[in-house]
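Examination of the molecular architecture
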Amino acid sequence: MTAAGIARLAGVGRAAVSNWRRRHPDFPKPVGGTETSPSFSLAEVERWLRDQGKLAEVPLRERVWQQIAGHPAGAVTALVHAGCALLLVRDRSAAWPALAALPDERLTGVLPVALEETLTERLGPERPVLTPTAAALSASVPLLRGVAELAAETGGVRPAFEFLLGRHLDANPRQYTMTPPGPASLMAALATGRTEPPAPHGTGTPLTVLDPASGTGGLLSAVEWPGAVCGQDADHDLAALTALRLALSTDADIRVRSGDSLRADAFPALAADAVLCHPPFNERNWGHDELAYDPRWEYGFPARTESELAWVQHALARLRPGGTAVLLMPPAAASRRSGRRIRAELLRRGALRAVVALPAGAAPPYGIPLHLWVLRKPVAGERPAAELLLVDTASEHTGQGRDGQGRDGRDSRDRLDWPAVHSAVLDAWTAFDRDGTVTATPGESRAVPVIELLDDDVDLAPARHLPPPAAAEGVTQLALVRERLAATLHRTRELTPPPVTDPATAGGGAAGRLTATTGTTTVGELARAGALELYAGGAGTAPAGAPVAVLTDHDVLAAQPPTGTLPDGPPEDPVLLAVGDVVVPVLGGGAAVRVVGAPAEGAALGRNLQLLRPDPATLDPWFLAGFLRATANTRQASSYASTATRLDVRRLQLPRLPLAEQRRYGERFRALAEFEETLRQASRLGEQLVQGLYDGLADGTVAP
């Protein structure tokens, strides 16, 4: 395990781990890694932490994760071994207790045979998951026993594997491109049309679903009640993880293969009912030269710069007539001139049925509003569709107004209302798919005649073809913004702090006594004395059917309500906020501290945040937050040893003052915070009004 893992176990910052290594000669020595990033033995670290009174017991989930993260063969191999063991627990539940009772050496000898039978039965002989040998399993025996216990603790093999896979993906965000659950569930609903389970007693039609660029398996995992799931990925490790993920979550027929789908299609004869795909974007080396005469290019040979249109045609080629494909696409694919001929042919033949603009932040890359393309393979003899559905959810379903600012005055770039997006898209598509057209909704959706789109550009960007929002609504909204801005500016003047006074000329007030008389203490000393409790954020999962909001570090920096949500997974209690808590971001080196109020009460503490819970009989929270925010204070408590500045909250200082004096300072700090928030609100409203007037004058909805 790394120093970061030790910090997570003990609930401290990495700086504390560095201090322990320097101050304690008996601290465990590195057993691997590098000089700058050493790794340690989990057992030795646990023993040392427990001897020092810094650890009562390592939670099972953390122990198993550390065994995966520190596995000598690498985390991916460890995850594959864990998935194989969980599959054995799932499909050979009666035999597992007897296997688990065997000694380690005997267990590694018999497991390969049992795994070979189980993997072949569940995933077939051409599976990407190779049966681990006895030698390979020898280092994984504690892990295998641990994941079986984790499955029993978390209520099943699926949540156990999802937890471990999720931790691995979170720990390596740059290594994988994932499709978040929101877009994945929307794409699955659009492609399959299933929001309810099939009829009982086998009367429902089983669907065959393909993902030719399956990645980590997020899209296929979102499909409800499939008959068969087929996946392929160029990365053999990802294909193996996807196969295990699907095998642990569904009873469908699973066919997952490794290999490049464009160059070496593993399913050349497949006629799927639905295809889901989040293809790699902007790839030049997709096979342009060697695939020039491939029969899949039925709608035109894609240019070297149009790899996404190659994936579009691959998806159509693997559909049965009348089958539906949904692809997550970069917005440039709807308007690049190099792809206009293929787009035109897709429209003429009725293969492209809808283009949906998602809000920025829906999926990576998060700064770009990606598109969904809904395609249907033409049926011989049927007349091509006369209209294309265009939907734009980029602003109307994120709580934004016409200028991109929130209707409540807050910056809403990170406040995506995904249920509203999901409902708006499905409502428009369901009506269009049923009737062939849909009533236009200004600024949101419209069925555009194909003939209008077949010009020199064949530009399919929804925003360019949708009618603007109603003029009266825009003018009314701007009038309301102006009224709010005027009221906020008036409030700003009321809250402007009085002229500052110099303690030396004011007769030596409390401020003059801070360093001369009172002395200082640190957050760490206060925590040891019981004056406050210190918690680290980032852990926890949401109970089934009970979403929990998360206060993120961005929320603290932007002074906005909690915008995150806890992930689903095995039960794990998060740190929940209470009124009067003080929250401090630990990354970035900036001075941002927040006192929790009623709007954030009950939310979970997010990653890269530390929570200080003061004893109200000893510490005033506003006094605490105010002094923690001082620039000199954060500078001396920050570490610059890595690429990101990290704040060691325990080193932050504050003066020793009686509670009554603390409250005097606290009232002033509270007033400053209210003044700051009012200034921020005025800035947002001012930007909203200015941009709205620019837009209104330009589109004719506001008179000059």
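Residues numbered from 1 in each chain as written. Predicted model: local features only at pLDDT ≥ 70, side-chain atom pairs only at ≥ 80, totals over all residues. Heavy atoms only, no water.

**Remarks on the overall build of the chain**
What the chain contains, in helices and strands, is 24 helices and 22 strands. Burial status across the chain gives 49% buried among its 704 residues. Of the contacts formed within the chain by residues at least 6 apart in sequence, a portion of 72% connects residues at least 24 apart. Total accessible area computed for the chain in this model is approximately 32,500 Å², and 53% of it derives from carbon and sulfur atoms. (Helix = DSSP H or I, 4+ residues; strand = E, 2+ residues; numbered from the N terminus. Buried < 20%, exposed > 50% of the residue type's maximum accessible area, 1.4 Å probe, protein only. Contact = heavy atoms within 4.5 Å. Areas by Shrake-Rupley, 256 points an atom, 1.4 Å probe, with all protein chains shown as cover.)

**What to know about the sheet that holds strand β19 (residues 609–614)**
Through backbone hydrogen bonds, the strands of a sheet pair up, either in parallel or in antiparallel fashion. Across the sheet, four strands lie side by side as β13-β19-β16-β17; this open sheet has antiparallel pairing. Because the sheet does not close on itself, it has two edges, and the strands there are β13 (532–536) and β17 (594–595). The pairing of β13 with β19 spans five bridges and is antiparallel. Looking at the pairing, alanine 536 lines up with glutamine 610 of β19. Across the sheet, helix α22 (residues 621–628) touches β13, β16 (582–585), β17 and β19, and the angle it forms with β16 is around 15 degrees. (Pairing = 2+ DSSP bridges. Axes fitted to C-alpha atoms, helices over the stretch in contact; angles between N-to-C directions.)

**Section: the environment of valine 458**
Topologically, valine 458 is positioned in the loop between α17 (450–453) and α18 (471–495). Distance from valine 458 to alanine 334, taken between C-alpha atoms, is 8.1 Å for residues 124 residues apart in sequence.

**Description of unusual backbone geometry**
What is expected of a backbone is that most residues other than glycine have negative phi and most peptide bonds are trans. For the peptide bond that leads from proline 364 to proline 365, omega is -5 degrees, which places it in the cis range. Position of proline 365 relative to the elements: it lies in the loop between β8 (352–357) and β9 (371–376). Phi at valine 458 takes a positive value of approximately 50 degrees, unusual for a residue other than glycine. The phi dihedral of alanine 559 falls on the positive side, at around 55 degrees, and the residue is not glycine. Note on alanine 559: relative accessible area 22%, which makes it partly exposed.

**A few points about the nonpolar core**
Counting residues in each nonpolar core, the largest one holds 91 residues, and the members touching the most others are Ile68, Val129, Leu164, Leu190, Leu276, Leu358 and Leu372. A per-element tally of this core places helix α5 (residues 75–91) first, with 12 residues. The residues contacting isoleucine 68, other than those within four sequence positions of it, are Gly74, Ala75, Ala78, Leu79, Ala82, Leu143 and Leu164. Listed in part, the 42 residues of the second largest apolar core include Ala315, Leu316, Ala325 and Leu390. (Core = buried A, V, L, I, M, F, W, Y, C linked by side-chain atoms within 4.5 Å.)

**Regarding the sheet that holds β9**
Across the sheet, which stays open at both edges, the nine strands sit in the order β5-β4-β3-β6-β7-β9-β8-β10-β11 with mixed pairing between neighbours. The open sheet is flanked by β5 (253–258) and β11 (445–449), the only strands paired with a single partner. Within this sheet the neighbouring strands show an average axis-to-axis angle of 15 degrees, counted without direction. Relative to strand β10 (residues 387–392), β8 runs parallel, the two sharing four bridges. For alanine 354, the partnering residue across the bridge sits in β10 and is leucine 389. Lying over the sheet, helix α13 (residues 236–247) contacts β4 (228–233) and β5, oriented at roughly 170 degrees with respect to β5. Helix α15 (residues 340–348) rests against β8, β9 and β10 of the sheet, and its axis sits at about 50 degrees to β9.

**Some thoughts on the confidence of the model for the chain**
Per-residue pLDDT for the chain has a mean of 87; in total, 89% of the residues score no lower than 70. Note on residues 396–414: pLDDT under 50 across the span, and 66 contacts to partners over four residues away in sequence or across chains. Segment residues 508–512 is flagged for pLDDT under 50; beyond a separation of four residues in sequence, or across chains, it makes nine contacts in the model. (pLDDT = per-residue confidence, 0-100.)

**Details of the layout of surface pockets**
Reported here for the second largest pocket is a volume of approximately 780 Å³. Of all elements in the fold, only α21 (553–558), β17, α22 and α24 (659–699) reach the threshold of two or more residues within the lining of the second largest pocket. Per element, the largest residue contribution to the lining of the second largest pocket is seven residues, and it comes from α24. Here the lining of the second largest pocket is built from residues that sort into 15 nonpolar, three polar and seven charged. (1 Å grid on protein atoms, 1.4 Å probe; cavity = no way out; pocket = protein on both sides within 12 Å on 5 of 7 lines; lining within 4 Å. Points joined across faces, edges and corners; volume = space filled by probe spheres on them. Nonpolar A, V, L, I, M, F, W, Y, C, P; charged D, E, K, R; others polar.)

**Looking at the side chain of threonine 634**
Relative to the helices and strands, threonine 634 resides in helix α23 (residues 631–636). From its side chain, threonine 634 meets the backbone oxygen of threonine 631 in a polar contact 3.0 Å long. (Polar contact = N/O pair within 3.5 Å; in protein donor to acceptor, adjacent residues only side chain to side chain.)

**A few points about α5**
Taking 1.5 Å as the rise per residue, α5 with 17 residues should run 24 Å; its terminal C-alpha atoms sit 24 Å apart, in good agreement. Of all the 17 residues making up α5, 14 are buried; the element is thus mostly covered by neighbouring parts of the structure. (Expected span 1.5 Å × (residues − 1).)

**Considering the packing of aromatic side chains**
Taken as a whole, this structure holds 10 aromatic pairs when the rule is applied. Ring geometry for phenylalanine 627 versus phenylalanine 669: centroids 5.5 Å apart, planes at 85 degrees, classification edge-to-face. Taken together, the residues phenylalanine 627 in helix α22 and phenylalanine 669 in helix α24 connect sequence positions 42 residues apart. The rings of Trp20, Phe27, Phe40 and Trp48 are connected pair by pair, giving a single aromatic cluster. Its end group placed over the ring of phenylalanine 163, arginine 61 keeps NZ or CZ at 4.9 Å from the ring centre. (Phe/Tyr/Trp six-rings, centres within 6.5 Å; stacked < 30°, edge-to-face > 60°. Lys NZ or Arg CZ within 6 Å of the ring centre and 35° of its normal.)

**Re α15**
Listed as buried for α15 are Ile342, Arg343, Ala344, Leu346 and Leu347. Of the surrounding elements, those touching the buried residues of α15 are α14 (307–317), β8, β9, β10 and α17. One or two residues past the end of α15 sits glycine 350, with phi positive at roughly 75 degrees.

**Considering the pattern of salt bridges**
Counted under the stated rule, the structure contains 37 salt bridges. Here glutamate 116 ties to arginine 127 by a salt bridge, and the two come within 3.0 Å at their closest N and O atoms. With glutamate 116 in helix α7 (residues 104–123) and arginine 127 in the loop between α7 and α8 (134–137), this residue pair connects regions lying 11 residues apart in the sequence. Its relative accessible area of 35% is what places glutamate 116 among the partly exposed residues. Here arginine 127 falls in the buried class, since its relative accessible area comes to 11%. One salt bridge connects glutamate 308 with arginine 336, and the closest N-O pair in it is separated by 2.8 Å. (Salt bridge = Lys/Arg side-chain N within 4 Å of Asp/Glu carboxyl O.)

**With respect to the pairing of strand β3 (residues 208–211)**
Burial along β3 is two-sided: Thr208 and Leu210 and Val209 and Asp211, pointing in opposite directions, are all buried. Sheet topology note: the β3/β4 ladder contains four bridges and is parallel. Residue pairing across strands places leucine 210 opposite cysteine 230, the latter belonging to β4.

**Notes on a positive patch on the surface**
A grouping of Arg22, Arg23, Lys54, Arg528 and Arg651 is seen on the molecular surface, where their side chains present a positively charged patch. One can find lysine 54 in the loop between α3 (42–51) and α4 (60–69). (Patch = residues over 30% accessible without salt bridge, like charges linked within 9 Å, V, L, I, M, F, W, Y side chains within 5 Å. Lys, Arg positive; Asp, Glu negative; His and termini not counted. Charge placed at Lys NZ, Arg CZ, Asp CG, Glu CD.)

**So, the environment of threonine 77**
On the secondary structure map, threonine 77 appears in helix α5. With relative accessibility at 29%, the residue threonine 77 sits in the partly exposed group. C-alpha separation for the pair threonine 77 and alanine 240, spaced 163 residues apart in sequence, amounts to 9.8 Å. One polar contact links the side chain of threonine 77 to the main-chain carbonyl oxygen of alanine 73, over a distance of 3.4 Å.

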